[in-house]
Structure formats: C-alpha cells, structure tokens
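Examining the three-dimensional arrangement
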Amino acid sequence: MAVRRRRVELGLTQRDLAELANLSVRTIGKIEQGRLPDTLSKSIDRVISTLGIDPAIACSCSDSAIRVSVLGPLAVQLGGEVQELGAQKQRCLLGLLALQYGTTVSRDEIVELLWGTKPPATWQNLIHTYVTRLRKALGNDGSSAIVTAPSGYRLTLGAQELDIAEFDALLQQGENPEKLAAALDQWRGPLLADLPDRLRWHPAAVSAQERRISAAMAYADAVVEPSRQDEVIRRLQALIVEAPMHEGLLARIMLALAAAGRQADAISLYAGARQLLGNELGVDPSAELRSAHERVLRQDVPAKTSRFVPAQLPADVVGFSGRRHQLAALDSLLAEVRGGNSAAMVIAAIAGTAGVGKTALALHWAHKNKHHFPDGQLYVNLRGYDPDEPVDPADALAAFLRALGVETHSIPRDVNERSALFRTVVADRRMLMVLDNARAANVVRPLLPGTSEAFVVITSRESLRGLAVREGARLIDLGVLSLAESRALMTTLIGDRVTAAPEASDALVEQCGHLPLAIRLVADLAARKPEVDLVELAAELADEQHRLRLLDAGDDPYASIGAVFSWSYNKLSGEGARLFRLLGLLPGNTLDVYAAAVLLNTSREKAAALLDELANAHLLDQDVNGRFRFHDLLRAYARQKAGQEIQEPAQSLIDFYRAARSRAASVVPGNSRVPRANPPGSFPAVPLQRFAHFARRAR
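Now for a quick tour of the structure.

With that out of the way, let us pick up the nonpolar core. One finds Phe455 and Phe580 to be the most contacted residues of the largest nonpolar core, which totals 102 residues. Contact partners of Phe455, with chain neighbours within four places excluded, come to Leu330, Leu333, Leu334, Val337, Val346, Ala348, Trp365, Phe373, Met431, Leu432 and Met433. Ranked by size, the runner-up nonpolar core spans 47 residues in total, among them Val111, Tyr130, Leu170 and Leu199.

A positive phi is found at Leu192, a non-glycine position, where the angle reads about 45°. Examined against the element boundaries, Leu192 turns out to sit in the loop between helix H11 (177-184) and helix H12 (197-200). By relative accessible area, which is 0% here, Leu192 ends up buried. Unusually for a residue other than glycine, His514 sits at a positive phi of about 60°. Looking at the element boundaries, His514 is found in the loop between helix H26 (502-511) and helix H27 (516-528). Accessibility expressed as a relative area gives 11% for His514, which makes it buried.

Moving on, we come to the packing of helix H7 (residues 107-115) against helix H8 (residues 123-137). Close contact between H7 and H8 brings their axes to 11 Å; oriented N to C, the two are set at 95°. Classified by the angle between their axes, H7 and H8 sit roughly perpendicular to one another. Within the contact between the two elements, H7 uses Arg107, Ile110, Val111, Leu114 and Trp115 and H8 uses Trp123, Leu126, Ile127 and Tyr130. Residues that form the contact of H7 with H8 fall into these classes: 8 nonpolar, no polar and 1 charged.

Here we take up a nonpolar patch on the surface. Judged by side-chain polarity, Met245, Leu281 and Val283 come together as a nonpolar surface patch covering roughly 230 Å² of accessible area. Inspection of the secondary structure assignment puts Leu281 in the loop between helix H16 (263-280) and helix H17 (287-298).

Here 3 strands make up an open sheet; going across it, the order is S4-S6-S5 and the pairing antiparallel. Each edge of the open sheet carries a strand with a single partner, namely strand S4 (105-106) and strand S5 (146-148). Note that S4 and strand S6 (residues 152-155) share 2 bridges and pair antiparallel. Within S6, the residue paired with Val105 across the bridge is Tyr153. Strands S4, S5 and S6 of the sheet are contacted by helix H6 (residues 88-99), whose axis makes an angle of about 65° with S6.

Reading the values: rules and limits
- Residues numbered from 1 in each chain as written.
- Predicted model: local features only at pLDDT ≥ 70, side-chain atom pairs only at ≥ 80, totals over all residues.
- Heavy atoms only, no water.
- Core = buried A, V, L, I, M, F, W, Y, C linked by side-chain atoms within 4.5 Å.
- Buried < 20%, exposed > 50% of the residue type's maximum accessible area, 1.4 Å probe, protein only.
- Contact = heavy atoms within 4.5 Å.
- Helix = DSSP H or I, 4+ residues; strand = E, 2+ residues; numbered from the N terminus.
- Axes fitted to C-alpha atoms, helices over the stretch in contact; angles between N-to-C directions.
- Parallel < 35°, antiparallel > 145°, perpendicular 65-115°, else oblique.
- Nonpolar A, V, L, I, M, F, W, Y, C, P; charged D, E, K, R; others polar.
- Patch = residues over 30% accessible without salt bridge, like charges linked within 9 Å, V, L, I, M, F, W, Y side chains within 5 Å.
- Areas by Shrake-Rupley, 256 points an atom, 1.4 Å probe, with all protein chains shown as cover.
- Salt bridge = Lys/Arg side-chain N within 4 Å of Asp/Glu carboxyl O.
- Pairing = 2+ DSSP bridges.

Next comes the structure, spelled out in structure tokens:
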C-alpha cells in the first residue's frame, strides 16, 4: 500500500513514523494493512500529512495485497489477513523460493530439501500440489507470484511484498545509518525460525544471515553519537544471541557499551566471550576483540564518540497555541531529513510581521523535535530587527565553532574560512540549527551547514525569497492567529475569565488584531488588573493610540508593541518610511499602487517598488487583487509616527479617487448618475481593463 511504500522510501521504521505522527506503532501497522476502522480516519490523515503523499491513494489496499515474511517465523498476509500455509513441506517450499526470490529454484534442489536422497515416487505431483496451494494462499496474484520455469519455480515478489527483498533493497542504498537501521528492523527474529534446520542451513539462508551481520557491523561503525549507542547495543545484542562467537559483533558491542558509559558491562562481555571461545573452540580472542578490550581499559573510545553536543535552544514558549498547518509543514521537512532522501540541506524559512510569533513557532517545534538531532542544537539571535547592532556572521560562526569543541586559537579570522571550517565540523552530524531574527539572506548564507544531515530553521520579518531561489529554502509565511487560536491563547494565559466573558474576550483579541504578542500583552494587563473585568478592559483599549500606550510591558523593549514595530520601521529606506507614515493618515485600510503613486506624487513604478519594500518587511499585506492593507495595530503605529505630517497628499488622493470613479463609470453600463468629467489634476492613469475586470466580477 502507498503508506508503507512511502515510509520505506523515506527510510523510516514504523516506530519512526509513529513518533512523527504522534500515534502508536500498532496504529501505524493497522493503517499499512488497511485494517484501521473508518472512525479513526483522523489518524490516517495525520499519517499521510506527515509522509506528504496524495490522500486519494494513501490508504489504498486491495484484497490481493501480498506480504510474505521470512525474516523471522514464516508468515503470509493477504490484504492484512494472516493466511494458513498448510503442511511443513509446503511451508519449506515457500521459504526456499523466498530465500532465492527472483531466481529459478530447480526441482532437484526442491526435492533434496524436502525429501533428501529418498523422494517418494509421486514427488512431481506433490510439488505441483504444494505450488497450487501456495498460489491460492497468495490470492489472485498467486500465479504471477510463483512462476513455473522449464527447470523449476521462481518467486517474483519485490520489496513491497517480501521482507527479505526489502532488506536487500535498503542495503543497496549505501551505508547511511538510517537505511541500515531500517534494513535491520525488517528482522523479527531468527531466519525462518519455525522451519527445520535443513532449510535454515541452506546456503541462501546462510548468505542472508551473513548480510544481516555485515549490515549490523556497518551500522555500528556508522553511528558514532554517544546518545545513540543504546540503539547500537540493542540491535547488535539481538544478533549476538544467534551468533554468540562472532568476534566482529562482540568487539562493536564492547565499544558501544563503553561509549554509552557502561565500561564495566563491556569488560564483563569480553571476559564471557573469552571463556566461551576457549571452551567451545579452544582459541584465544582475535586481534580485533583484544584491541577493543584494550581501548575499553584505556577509556580510549574512538574520537568521534567524544563530540561536543551543544544544547543552545532558549526556553520553549509558555502557552503556545495553534499553528497546526505550520507545525505539520515543519514535520514534513523533518521526515525528509530523517529519510535521507535529499542530498541538499533542508531549510525552513519562517517569515511574518513583528510580534506574529515566528520565534515562538521555531522554538516550540525545535523543543518538540530536538530528540531527533543527537548531535545537538545550535541557536543564534542574529538581531536583524533589534535595538542592538546586528550579529556579524563571522562572530556567529566563531560562537558555533567554540560550541562544537574547536579551540579559539584554531578559528580562522576570515569569514569565508570560518564558514568552510564550520561546514567541515558539522559534515556528518545530525544537528538542528535555529537562525533567529535574520535581516537578509546574505547574513544567513555563511552560517548554512551545507549537509543534508542538518535541519536549519530561519525566522525573519523579510520574505527571504533569495534563499528559496538559490538554496531551496521552503518558505513558511506566518499570519496572525485565527479567532479560535486567539481564544485558546487568551484562555491559556488568563483562564476562566475568558469563558466568563466570551464576547469581551473576542473584542480584545480583535483589538489585538489576533497578533500573538499583543494578545500576550493584553493578557498580562488583565492579570495585573484582576479587579477590572474584560468588558471594561475592552472599552479602555477601544482608542487605537491609547491601545498602543497600554500594550507596553514597561522597561522591556522586547515586550512592547511600539518598540517591536519600530525595529522594522527603522530599517526602511527614507521614502519607504515616508510612505508608511502617509498610509497611516488614510481614512480607509486598503489602497493600490495607483493611489500610492498619488500619495507620494511619484511614478507608478516607484510606488510599486516602495509598496514591495513594505510588504517584504511584512509591514503591509497584499491581497489577491493587488491591494495592500495594514494590520490594525500597524496602522495605529503608522498614525503615531505620522504625527503632524503634511496633509496635502490626502487631498490629492481624494481628487484621484474622484477621477478614478469617473473613469470607472465609463465601463459600467447604465451608470449615468456618476459624472464623467475628470476633476483638475494629473494622475496615474488607471487602466480601463482593470475597472472592466471588477465590473465583470460584480455582474
């Protein structure tokens, strides 16, 4: 089915997917088998959203879907239901075909396995009967699954239908530790554990066991993070039960135990292995096993297991609310990183206006998922929109390198050399990076790790479209909260007072424009005035300018709406800042590029560039019709900044609207009441087709 296929493509185990989708492993198994009740369709939606697959095909599972399992007890599932396979010889035949899938198994080999040197006279009929019954157990696809060849039979199942084929397919994808882990997780126990030893000692079975051991040792060599050594120990110990004298496995378990801080267990394991080898084989431990023992005694674990693991994330935000779609988008990108499918680094760029909760979203998601990054988390506030000086990329790189264990005297002076050294140090590390409050793409680029093992989350008030074009960053545009999310946040912060006065609470979040920072400031104001009910507070905040003064947490500039807005305003060009102030004087809340050109007494092209500057800084929003609008609190701030700004532009705008109305009337049939004469003045011509478009929509 599509869910299992996509999970395998991403290199995820069922446990990994369950973790990402916040479901149980059992539920994931039922979804993949098509056995989840319709009442749990939300769980299916969560899984397909996490995997990023088409809902129309996500859970398609026909009654003929086959799954044959030999990496453990032999089992066949058809459409999710376990099938009865009959007598032992019939089961042995299927096991033999599965071990050599894609290859014709001769009748002579089948006879030797089933009866040895004394087959019955009817052996041909018996084999034919076994094959017929097995095909029936495999459902409608049975005839194509077991193909008759001139000299024998061939099982044609692939990785989606046969666990050993899936195991081999994962091994062929290289020595990526996640792929190796997914391959090893295909094994449910000893190969064909419920069938006779003569099959389990067949050369094809021995080869499969050897591939498993080689994969386990490669996995142990690839996973060097101390925090993941328990995973290594678990997977290798499952194998050592079956191969108790395999010295390569023993050596790696010893080193993993030592790296995990279990030196005494490692020494004890060596003592037991030495005794077993002497008693069973009469030999001493090999050079490889002795070398591992000496390293454990000297506490000389490989250098890679002694890494610095930074944990630089600031505290998670209190009372985080909403952002379900944005969190799902980040989860989907995480699945790409964990699946190892992309050779390029994965970057999420969260953009939005001041106070909308970009940092809160990034940190909340980062804390929720930091366990997926065993090599640690790096964080820097680049202060792109701060009262303080922005952080120089060279300084940020130096701080990162020191956090990763590089001595100060070894850090180059040149920013490009620091960037190259940083990429080298993090080349094979699974790390999470949060680059907060970035001013522009050129500040971020030197800090990017350049590896698909790391996941980078960037926040900015700029759109950072350049990062999307050049580095493939996925842009996540963060708007204000919905009404339901705003209520939930307010309830989290001040509790029962919201439910006691729901209409007043809704009025307050409307006055905040559903901006998270403003809602938190209002909640703080309400908490500091417990004697004032929310109805009175809403009345007090009705005046926009008074509202701006109240939404101030005192001496903390990071908790003042005016201060936070000012950091965006102060980054504008002189002309952009003037347009921002003039827009605050408008009686309405929207305008287009033609009106902006009149307001500034400039060309349409220049006005468009300045509007884009404000929109890129998320000080204005643009709708699908090309009109620009303010957030309510930003409009109040713009009016505050305008102060005694000259009023002539407003009169020019009124004259322009009169001229535009007259021009619009020329394309609206039957509108004779509107005078057609243009008032005096020269204005940017509004195209007739623009009015015609709106006229058609109105009809």
